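What the coordinates show
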Amino acid sequence: MFFIFFLISNIAQSQKESRFSIRTIAFYNVENLFDTVNDSLYFDDEMTPEGNYNWTLDRYKLKISHIAEVISKIGQSTTRTCPDIIGLCEVENLKVIKDLVRHPFLRPYDFNIIHYDSPDERGIDVALIYKASRFIPVSFSSHRLLLFNDSDQRDYTRDQLVVCGLLEGEELYIIVNHWPSRSGGVARSSPYRKAAARLNRRIIDSLVRLNIDAKIISIGDLNDNPTDNSIKNTLTSSDKENVKSPALFNPMETLYNEGDGSLAYRDQWSLFDQILLSKNLINETRNSYTFWKAGIYHPSFLQIKTGNYKGYPFRTHVAGRYIGGYSDHFPVYAFLIKKVP
């Protein structure tokens, strides 16, 4: 489906109609999308029929259906279709991603998959799915984040996935992230996320050295907010008009400062799920695909309806108890637009 939308602007005291094509980039932390099979190489025992979560085939199938439904609706009210490129995290393996894109909600869009197995102890990975009709991968690689604890022992976590491809003929680099969690406390775990930010920075710098005009989008669950040091001091600028390369523009910072979030914990909203864009994607001429706006997808069906947690993400498990929801994160998205001749 090719969608064109219209913007009306007052130019030289007259009304002029401009036509644009629009493409959607999204990211979704899908909260423990595990199959039901016990993998002896990872600590996934809880997510099996015999495990603490009693993760049965019926529950797995419902989870797949839920996530596919959400992806099919992100940005739909604006574009009349689902996103063209989606980054995912907390997926266990290639099988669960294949089951996801083959679900009837997503099968019509012919999604392809880019995925590597990470060394994460629980076996969760990042991945990219994309419409084959819109995006053509040229190269992709997985970049290891090496972390060591206070005892100088390796702490295994997710890789960062880098994909170079053509979005309808325009070269675009996408980095998919799932930075280390806040387990053990924010202060204690902060160095891990700073290390993840430095790896992201090195990847971006290397891409720019190869191509000074590289268009780069870094997406993911960063487990820090847009104003935290790991992001603010290493990667981003919040000033859209004065982004200086190689800093990335972070449209999520404005949303966060306005009180919006993609997850909630102890009566506090956080916006860990972010989309960061290189300076050359902020271009008002719109002669190539450039950033228009970003948002958090949080319709009512993704929210808890009543009680103390009203408005929170309607998740799959709460305190180890199955409640049959979607995810503990809301997805985020950004629109890229280009003038149509």
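Throughout what follows, the structure given in this document is the object of discussion. (Residues numbered from 1 in each chain as written. Predicted model: local features only at pLDDT ≥ 70, side-chain atom pairs only at ≥ 80, totals over all residues. Heavy atoms only, no water.)

**Some points on the overall build of the protein**
Along the protein, the regular secondary structure elements total 6 helices and 18 strands. Here the protein has a C-alpha radius of gyration of 20 Å; the compact-globule value for 341 residues is 20 Å, and the two agree. Taken along its principal axes, the extent of the C-alpha atoms in the protein is 70 × 45 × 40 Å. The buried share among the 341 residues of the protein stands at 54%. Of the contacts formed within the protein by residues at least 6 apart in sequence, a portion of 68% connects residues at least 24 apart. (Helix = DSSP H or I, 4+ residues; strand = E, 2+ residues; numbered from the N terminus. Rg over C-alpha atoms; globule rule 2.2 N^0.38 Å. Buried < 20%, exposed > 50% of the residue type's maximum accessible area, 1.4 Å probe, protein only. Contact = heavy atoms within 4.5 Å.)

**Points about empty space enclosed by the protein**
Taken as a whole and judged by the stated rule, the model has 1 cavity of 30 Å³ or more. Its volume calculated, the largest cavity comes out at about 30 Å³. Around the largest cavity, the lining residues are Leu 167, Glu 170, Glu 171, Leu 172, Lys 215, Leu 281 and Tyr 289. Per-element accounting of the lining of the largest cavity gives the leading share, 3 residues, to strand β8 (residues 170–178). Among the residues making up the lining of the largest cavity, the classes are represented as 4 nonpolar, no polar and 3 charged. (1 Å grid on protein atoms, 1.4 Å probe; cavity = no way out; pocket = protein on both sides within 12 Å on 5 of 7 lines; lining within 4 Å. Points joined across faces, edges and corners; volume = space filled by probe spheres on them. Nonpolar A, V, L, I, M, F, W, Y, C, P; charged D, E, K, R; others polar.)

**Focus: the sheet that holds strand β14 (residues 273–278)**
In sheet architecture, strand pairing relies on hydrogen bonds along the backbone and comes in two forms, parallel and antiparallel. Taken in spatial order, the 7 strands line up as β6-β7-β8-β9-β14-β11-β10 in an open sheet, and their pairing is mixed. Either end of the sheet is taken by a strand with one partner, and the two such strands are β6 (135–143) and β10 (236–237). Sheet topology note: the β10/strand β11 (residues 248–249) ladder contains 2 bridges and is parallel. When the sheet's bridge partners are listed, Thr 236 is paired in β11 with Leu 248. (Pairing = 2+ DSSP bridges.)

**Thoughts on the packing of aromatic side chains**
For the coordinates displayed, the defined rule picks out 11 aromatic pairs. Each member of the aromatic cluster is reached from another via a ring pair, and the members are Trp 269, Tyr 309, Tyr 312 and Phe 330. Sitting above the plane of the Tyr 322 ring, Arg 59 keeps its charged end 4.0 Å from the centroid. One residue, Lys 73, lies across the ring of Phe 301, its end atom 4.9 Å from the ring centre. (Phe/Tyr/Trp six-rings, centres within 6.5 Å; stacked < 30°, edge-to-face > 60°. Lys NZ or Arg CZ within 6 Å of the ring centre and 35° of its normal.)

**Points about the nonpolar core**
Counting residues in hydrophobic clusters, the biggest one holds 68 residues, and the most contacted among them are Tyr 28, Ile 71, Leu 88, Leu 128 and Ile 217. The greatest single-element share of this core, amounting to 8 residues, is contributed by strand β2 (residues 14–33). In terms of nonpolar packing, the next biggest core, distinct from the first, is built from 22 residues, Tyr 173, Ala 195, Ile 203 and Leu 235 among them. (Core = buried A, V, L, I, M, F, W, Y, C linked by side-chain atoms within 4.5 Å.)

**Looking at helix α1 (residues 57–73)**
Helix length check: α1, at 17 residues, gives a terminal C-alpha distance of 25 Å against a target of 24 Å (1.5 Å per residue), a fit within 8%. The complete set of buried residues in α1 reads Tyr 60, Lys 63, Ile 64, Ser 65, His 66, Ile 67, Ala 68, Glu 69, Val 70, Ile 71 and Ser 72. (Expected span 1.5 Å × (residues − 1).)

**Some thoughts on the packing of α1 against helix α3 (residues 94–101)**
Each pair of packed helices can be summarised by the angle the axes make with each other and by the distance between the axes. Two elements in contact, α1 and α3, have axes whose closest approach is 9 Å; the angle formed by their N-to-C orientations is 60°. Judged by the angle between their axes, α1 and α3 are oblique. In terms of crossing hand, the pair formed by α1 and α3 is right-handed. Within the contact between the two elements, α1 uses Tyr 60, Ile 64, Ile 67, Ala 68 and Ile 71 and α3 uses Lys 95, Val 96, Asp 99 and Leu 100. A breakdown of the residues in the contact of α1 with α3 according to their chemical character gives 7 nonpolar, no polar and 2 charged. (Axes fitted to C-alpha atoms, helices over the stretch in contact; angles between N-to-C directions. Parallel < 35°, antiparallel > 145°, perpendicular 65-115°, else oblique. Left-handed = near helix turned anticlockwise from the far one by under 90°.)

**Structural notes on the side chain of Ser 21**
Counting through the fold element by element, Ser 21 comes out in strand β2. Looking at Ser 21, its side chain comes within polar contact range of the side chain of Tyr 289, at 2.9 Å. (Polar contact = N/O pair within 3.5 Å; in protein donor to acceptor, adjacent residues only side chain to side chain.)

**A closer look at the pattern of salt bridges**
For the coordinates displayed, the defined rule picks out 18 salt bridges. For the salt bridge of Arg 134 with Glu 168, the shortest nitrogen-to-oxygen distance reads 3.5 Å. Of this pair, Arg 134 sits in the loop between β5 (125–131) and β6 while Glu 168 sits in the loop between β7 (160–167) and β8, and the two are 34 residues apart along the sequence. The exposure class of Arg 134 is buried, given its relative accessible area of 13%. A relative accessible area of 29% places Glu 168 in the partly exposed class. Residue Asp 224 is joined to Arg 193 by a salt bridge in which the shortest nitrogen-to-oxygen separation is 3.0 Å. Of this pair, Asp 224 sits in the loop between β9 (216–221) and α5 (229–232) while Arg 193 sits in helix α4 (residues 186–210), placing them 31 residues apart in sequence. For the residue pair Asp 224 and Arg 193, the accessibility class agrees, reading buried in each case. Taken together, the shared-partner salt bridges connect Arg 23, Asp 84, Lys 131, Arg 134 and Glu 168 into one network. (Salt bridge = Lys/Arg side-chain N within 4 Å of Asp/Glu carboxyl O.)

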